[in-house]
Amino acid sequence: MKLRRFLRIFNARRIGISAATTLAALAMAPMAQAQSAAICGTAPLTGDRVALLIGNSAYNDWEWPSLKNAVNDIDFVCDAFARAGIAPRIVRNADKGTLDAELARFAAEAKGAKSVLIYYAGHGFEYGGRNWLVPMDAPPATRRADVEKRFLSIEALVKHVVPAGAFTLLFVDACRTAEPVVRVEDADVKSGEAGSAPLGLLDIGQGAVFYSTAKGRPALDFAPVGSPVSPFAAAVVKELAIPGLEISDYFKVVSREVYKRTYGMELGPQQPFHYGSWFDDYYLVAPPEIPAVRTDNADAVAPMTTSAASATAATRGAVKPAADPLADVSLDRLAIEDEPILVADILSRHAAAELVALADGGHPLAQHLAGYMFSLGVGVKKDVPRARAYLEQSAAQGFAAGQQELAYLLLETDPTPENVKRAFDLFTAASNAGFSKAKTHLAYRLAAGTFGTPDFVRSQALYMEAAEKGHPAAMFALTYFPGTRAANLARLRSIADGGNPEGNHWLCEAHFADKTLAVAIEDCGIAARAGFAGSRAILADAYVKGVGVAADPKEAVHWAKLARDLPELRKDQRDLIAGIGE
């Protein structure tokens, strides 16, 4: 029974590859001329993508703690947005009257916008089912009737400045700790009326909200100590330099960067998270146009034979420059790390056009990377036939990662009997070359019966080999086997303790499956805050049933909503949280 559940968990899931990266491309938007730091955010708004940046730093340290970097953050983000072709408007250290006037001015200029970005850095809180930002002249205590007069509702802000039908992207860099930010003096807490609370979920319609930190956690003003901007703003700008990341992928790499920057700090790690609903893919920086190189045999790549693959599977291939331009890409990372994170990291150092040019020149690693990028539309426009051509070329050179990726593509897009057999041969060749992801893929397919009668003995042996090489998904798989459970729980714990929330996620899944969730409830929380859909669903269920935490219907609804917003949530997990908050 447990093994059947394990197979269900991996069904339709790309092992080591987030399903959230199933993307398509948008047309490249014209790049706006960057404004200098001195004037950024002051020019009239033009174009169909605009941004409102609000930063409040100079609180008086008596009524409100000052935030040294909030204004620095919006200045930093302003330049990056302008370079990305987004027309920005900045509002710094504004009182309530100034904010109201600036919102009216922005709304008038943004009437024709098709997308509106709002970035807020400052203090905020939730009260009365709405979320509020804190102007410079707001009091630390107020009465119910005066909340709307003294503070600015974020929901009202969005409704005021975003034209009907426009896409909304809201960045919120504010603490979300449990301590009350504002005291509502006449709130009747004894009779059950809620006082102020940390910023909660915003309902903004078509669009997305990106919080700098998780519920109940602080948002650090700097990391490392002395940094002129917050870790969230630093990551937002750093990853914006990578063209062609669809917004869900962009959120993921920014979150991972913030987590890394703050891991080990006294109040860290900080874990941003996002949620939202949108129908069409959205890019802050659109993927570049990279024309295909036409050759006589561009569409006729000979399939790789098993014997040819086995002969050279452990090499990068024969065609390679003497000084390898991709020498900085670790093959060990390639074998175990989640592709969206890895490819985004590579794209931060190598432009997509450079990788494609290397692929056209015969570099097998570049061919593998180009194949992955074109198959999912990461950094380039999605083009599955072109992806297959590059992967065929990489696999033909015996490059194990190319073999594994081609096998996956064949099974997902064209699973004819001939291609199923080819996929088996490709997975086997890459596995024999020691490629961990191929071992895990092959193990799963053998257990699932993709290639014939299920072979659980060989499947377990392959999982053990992949786990020895450090592949977290294989470690999780081995927790289903009594003889290997304890050792692989320990391996996952080591990964989690090293600052990688993927370890926490698999621990959450493993203990949920074994009905020992209470001992891993903190792992579920860490992974849920890091954006893992399964952990969010499990945490929602735990709050309903009071497993490892006090039962809390409001928290259950919170995490169920966030889980449902992620497309990679499995059917069994959607069923788990069915009815919670719906």
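Residues numbered from 1 in each chain as written. Predicted model: local features only at pLDDT ≥ 70, side-chain atom pairs only at ≥ 80, totals over all residues. Heavy atoms only, no water.

**Points about the packing of aromatic side chains**
Right, on to step 1. The tally for this structure, following the rule as stated, stands at 20 aromatic pairs.
Right, on to step 2. For the ring pair F171 and F232, a centre distance of 6.5 Å and an interplane angle of 55° mean the geometry is tilted. Residue F171 is located in strand 8 (residues 167–173), and its partner F232 is located in helix 6 (residues 231–240); the two are separated by 61 residues in the primary sequence.
Right, on to step 3. Their ring planes at 25° and their centres at 6.5 Å tell us that F273 and Y275 sit as a pair that is stacked. This pair shows no difference in class: F273 is buried, exactly as Y275 is.
Right, on to step 4. By the ring-pair criterion, three or more aromatic residues cluster together here, those being F81, Y119, F171, F210, F232, Y250 and F251. (Phe/Tyr/Trp six-rings, centres within 6.5 Å; stacked < 30°, edge-to-face > 60°. Helix = DSSP H or I, 4+ residues; strand = E, 2+ residues; numbered from the N terminus. Buried < 20%, exposed > 50% of the residue type's maximum accessible area, 1.4 Å probe, protein only.)

**Here we look at the sheet that holds strand 4 (residues 124–127)**
Right, on to step 1. Within the open sheet, the three strands sit side by side as 4-5-7. Their pairing is antiparallel. Pairing within the sheet leaves two strands with one partner each, and these edge strands are strand 4 and strand 7 (152–153).
Right, on to step 2. Sheet analysis places strand 5 (residues 130–133) next to strand 7, joined by two bridges and oriented antiparallel. Paired with W132 across the two strands is S153, which belongs to strand 7.
Right, on to step 3. Here helix 5 (residues 154–161) sits on the sheet and contacts strand 5 and strand 7; the angle it forms with strand 5, its principal contact strand, is near 85°. (Pairing = 2+ DSSP bridges. Contact = heavy atoms within 4.5 Å. Axes fitted to C-alpha atoms, helices over the stretch in contact; angles between N-to-C directions.)

**Looking at the state of the cysteines**
As used here, a disulfide is simply a covalent bond connecting the sulfur atoms of two cysteines.
Right, on to step 1. Under the defined criterion, the tally for this structure stands at two disulfides.
Right, on to step 2. A sulfur-sulfur separation of 2.0 Å characterises the disulfide bridge that pairs C40 with C78. Between C40 and C78, the S-S torsion sits near -100°, and that sign places the bridge as left-handed. Here C40 is found in the loop between helix 1 (2–10) and strand 1 (49–55), whereas its partner C78 is found in helix 2 (residues 70–83), with 38 residues between them in sequence.
Right, on to step 3. Judged by relative accessible area, which is 0%, C78 ranks as buried. (Disulfide = S-S within 2.5 Å.)

**Some remarks on the environment of S248**
Right, on to step 1. In this structure, S248 sits in helix 7 (residues 247–262).
Right, on to step 2. Residues S248 and G276 lie 28 residues apart in sequence; the distance between their C-alpha atoms is 9.8 Å.
Right, on to step 3. Within polar-contact distance, the side chain of S248 engages the side chain of E246 at 2.6 Å. (Polar contact = N/O pair within 3.5 Å; in protein donor to acceptor, adjacent residues only side chain to side chain.)

**Some remarks on the environment of H558**
Right, on to step 1. By the element assignment, H558 lies in helix 23 (residues 553–564).
Right, on to step 2. A residue is classified by how much of its surface remains accessible, and H558, at 5% relative accessible area, is buried.
Right, on to step 3. Residues H558 and R536, 22 residues apart in the sequence, show an inter-C-alpha distance of 9.3 Å.

**Some thoughts on the sheet that holds strand 10 (residues 207–211)**
Right, on to step 1. Across the sheet, six strands lie side by side as 2-1-3-8-10-11; this open sheet has mixed pairing. Each end of this open sheet is capped by a strand with a single partner; those strands are strand 2 (87–92) and strand 11 (273–277). When the angles between neighbouring strand axes are averaged without regard to direction, this sheet yields 10°.
Right, on to step 2. As paired strands, strand 3 (residues 115–121) and strand 8 are joined by seven bridges and run parallel to one another. Bridge pairing in strand 8 links V116 to T168.
Right, on to step 3. Relative to the sheet, helix 3 (residues 96–109) contacts strand 1, strand 2 and strand 3, its axis offset from that of strand 2 by approximately 170°.
Right, on to step 4. Sheet contacts for helix 5: strand 1, strand 3 and strand 8; angle to strand 3, the most-contacted strand, approximately 150°.

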